[in-house]
Structures are given as structure tokens and as C-alpha cells.
Amino acid sequence: MIDYRSDTVTKPSQKMLEVMITAELGDDVYGDDPTVNAFEKKMAALTGFEAAMIVNSGTQSNLCALLAHCSRGEEYIVGQGYHTYLYEAGGAAVLGSVVPQPISVQPSGELAFNDIEAVIKEDDQHFAKSKLLSLENTHCGKVIPLDYFIKARKLANKHNLAIHLDGARIFNALTELNIELAEMCQYVDSISICFSKGLGTPMGSVLCGSKEIINKARRIRKMVGGGTRQAGLIAKAMDYALEHNVSKLADDHANAKLLANLLSDCDELAITEPQTNMVYITLDEKINAQLMAKLLLQEGIKVSAGQTLRLVTHLNIDKADIIYTADTIKDILSLM
Ligand SMILES: *Cc1c(COP(=O)(O)O)cnc(C)c1O
């Protein structure tokens, strides 16, 4: 099976597993796991923040961040299609009584500054208190440039807002922008980074921010059952991914571009040039996306099908898989 549904399907390699079992372990809830402590320190240094905390998932990481920044009755401004609004079961509202203020996302993946300013609320008893701006990079595979964050910081400062960056795929963005993690992080107050997206770890995310934010976030992580005991096993996997797999993201991006290029001569398909590892294919209205997905599955190719097809390239997909996939899609189209 070639599985393009998401880069979350990447599996730990034999090498990663071998390194994991060498991890020196302790009880992380007591703060005793040396592997966790070393990895958190490393991530704080890499992002330029005071502190870092490992978490079980990106969703848990974002929840801890939203609830650390905002209290009951305070709001975060967020994109309608951003993960922290749409795909986290409303956690901030359900568990923290934090009010989401969603606004539309531009085709670039950014939030328009005008739209943000239009929803920032004055201090008035009628309104929730505007507290946080929740951004995302990459969003649907689109890279948000550094300049956007410079401007967002200015706007946030003017209105006394903090900024949280959902950087589930921040390494994909940094690969394209050719900048270091700390350069991006200097403009935000916290960042969440996933290591189970395209990097081969079985689980794990990291939340980075000031000591104050991370201390608050630790309490929330415990509250939602995210205090993991011998978590060094996972920290070791994340550290392995950082050292060996982040540099391979460029291959995933090249593979996504290759797939888009190989299919560019198909009149039945509309494909926008992928910026990172996601290829969105819009089919001619005569062709049903679900049917295409079913036919691909029979040929050993798994894709996500909604209005469009989404194919995500990752560590466990190579160039030969891409060529086979393009040929298979063309064969199916020729029979339709
Ligand atoms: C996947 C994802 C998350 C959440 O990650 P999980 O580990 O699946 O909970 C958060 N934000 C974005 C943008 C994501 O793509």
C-alpha cells in the first residue's frame, strides 16, 4: 500500500526503534526522566524560548497552549479552517470555557490583518476579552512567510494580544523558507510542533514558550491525563527524528512537485503547484472523487477524497511510488 492520506502514517524505522530502547528513563511527572529533560532543553534552545514541554499529540499541545494563554471568558482569534478551531473537538471551549472567534482564511493560508482587527473587542461588559491570536504554519501545505509574522507581531502588540503558532508542520515551512526555527519563533509567544507528521515518530509533540506559559501548560497537561511517566522513550524518538528526518522533508516536497508535474498534462485534473508535501487535485466535474479514490485503492494507493483529492507525501513514499501513482491515475482516467 502507498498511503497518501496523511503524513501521520509514517512509521518508526528500525534505526529509530533501536535508538529508542537505549533511552535512559525516569518518571517524567516527577521531572525525573533525563531523556525528556535533555530533549525539552534542546527544543527550548532551538526555538529560543525559555521552556519546552513534550505532549502526547498536537491537539493536546494546542489545548494546553490555548488554556495557558486564555482564561474562562477570554477569546482567541483563529482561522475558520485552522486546526485549533476546526479539528480539536472544540477543546478550548469545552474544557476551558475559552471563546473561539473564527475568521475566514485567505487563499494564501493567512488571516487578513483587517479581518483580525475587525474582530478585536474593546473592553466592554458585552464582550469576551480578546486575548490571543492563534496562527498556523503550514496551513493545508501552504507556507506562511516570515514577513507575515513580523506584521502579525506588530498588530498583536498594538492590541495587547499574545500569539500562539500551531506549527504542527513548521519544519516543512522552514525547509522552504530556508530559515532557522528561532527566527520564526521570535515573533510568537508559543509554538506547538508535531513530531508524528512526516517524521516517523509513533507519537509526540512539543510546546515551547516562556517559563510562565509552560508552567501553566504543565498543569493543564496533567489535568487532561497527559502526564506520561517514562516518556523518554518518545523523547528519544523525537530527538532521532530531529537529527535524521527533518532534513528529509525536502525530498517529500520534491516528490509532491514531481507528482504534480507528472499529472500536469491531464486535462481532467486541476492541480495547484504544491508548496510543501500536499498535492490537491480537483477533478473534472464528470469524475467523482470518491470513485477515483476507490479505483486507486484497488491498485494499492490510498488517498483522502472530499471535494478534491488530497495526496500527502512523506518519509515512507519514494520516487518510484510517485511515478507508479501518476501512471495509475493516468490509466484510470483513460478508462473513464
Ligand atoms: C495534525 C495537526 C495537529 C494535531 O496533531 P495531532 O497530533 O493529530 O493531535 C494540529 N495542527 C495541525 C495544523 C495539524 O495538521
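Just above sits the structure.
Scope of this entry: the structure provided in the associated data block. This is a predicted model, so every value here is computed, not measured. (Residues numbered from 1 in each chain as written. Predicted model: local features only at pLDDT ≥ 70, side-chain atom pairs only at ≥ 80, totals over all residues. Heavy atoms only, no water.)

1. Focus: the nonpolar core
Residues Met43, Ile170, Phe171 and Phe195 are the most contacted members of the largest nonpolar core, which totals 76 residues. The element contributing the most residues to this core is helix 11 (residues 232–244), with seven residues. Ignoring anything within four residues of it in the chain, the contact list for Met43 reads Ala52, Leu181, Ile193, Phe195, Val206, Cys208 and Leu242. Core analysis: the second largest hydrophobic core is formed by 25 residues, Ala293, Leu296, Ile317 and Ile322 among them. (Core = buried A, V, L, I, M, F, W, Y, C linked by side-chain atoms within 4.5 Å. Buried < 20%, exposed > 50% of the residue type's maximum accessible area, 1.4 Å probe, protein only. Helix = DSSP H or I, 4+ residues; strand = E, 2+ residues; numbered from the N terminus. Contact = heavy atoms within 4.5 Å.)

2. Description of unusual backbone geometry
The residue after Asn137, namely Thr138, is reached through a cis peptide bond having omega 0°. Position of Thr138 among the secondary structure elements: in the loop between strand 5 (129–136) and helix 7 (146–158). Here the phi dihedral of Ala89 falls at roughly 55°; this positive angle occurs in a residue that is not glycine. Locating Ala89 in the fold gives a position in the loop between helix 4 (83–86) and helix 5 (91–96). By relative accessible area, which is 74% here, Ala89 ends up exposed.

3. Re the sheet that holds strand 3 (residues 74–79)
Spatially, the seven strands line up as an open sheet ordered 2-8-7-6-5-3-4, and their pairing is mixed. Single-partner strands in this sheet number two, and they are strand 2 (51–55) and strand 4 (99–103). Averaged over all pairs of adjacent strands, the angle between strand axes in this sheet comes to 20°, irrespective of strand direction. As defined by bridge partners, strand 2 adjoins strand 8 (residues 205–209) across five bridges and the pair is classed as antiparallel. Counterpart to Ala52 in the pairing with strand 8 is Cys208. The sheet strands contacting helix 7 are strand 5 and strand 6 (162–166), and the helix crosses strand 6 at an angle near 150°. (Pairing = 2+ DSSP bridges. Axes fitted to C-alpha atoms, helices over the stretch in contact; angles between N-to-C directions.)

4. Brief notes about the packing of helix 2 (residues 34–47) against helix 11
At a minimum axis separation of 8 Å, helix 2 and helix 11 run at an interaxial angle of 40°. One finds that helix 2 runs oblique with respect to helix 11. Crossing handedness for the pair helix 2 and helix 11: left-handed. For the pair helix 2 and helix 11, contact is made by Thr35, Val36, Phe39, Lys42, Met43 and Leu46 and by Gly232, Ala235, Lys236, Met238, Asp239, Leu242 and Glu243, respectively. Residues belonging to the contact of helix 2 with helix 11 are distributed by class as follows: seven nonpolar, two polar and four charged. (Parallel < 35°, antiparallel > 145°, perpendicular 65-115°, else oblique. Left-handed = near helix turned anticlockwise from the far one by under 90°. Nonpolar A, V, L, I, M, F, W, Y, C, P; charged D, E, K, R; others polar.)

5. Focus: the site of the ligand
Residues in close proximity to the ligand include Ser57, Gly58, Thr59, Asn62, His83, Glu88, Glu136, Asp166, Ala168, Arg169, Cys194 and Lys197, which together make up its full environment. At 2.8 Å from an oxygen atom of the ligand is found a main-chain nitrogen or oxygen belonging to Gly58. A distance of 3.0 Å separates an oxygen atom of the ligand from a polar atom in the side chain of Arg169. In terms of residue count, the dominant contributor to the shell around the ligand is helix 3 (residues 58–69) (three residues). (Near = heavy atom within 4 Å. Polar contact = N/O pair within 3.5 Å; in protein donor to acceptor, adjacent residues only side chain to side chain.)

6. What about the pairing of strand 3?
With respect to burial, strand 3 is a largely interior element, six of its six residues being buried. Burial along strand 3 is two-sided: the face carrying Glu74, Tyr76 and Val78 and the face carrying Glu75, Ile77 and Gly79 are both buried. Direction of pairing for strand 3 relative to strand 5: parallel, over a ladder of five bridges. Note on strand 5: the bridge partner recorded for Val78 is Ser134.

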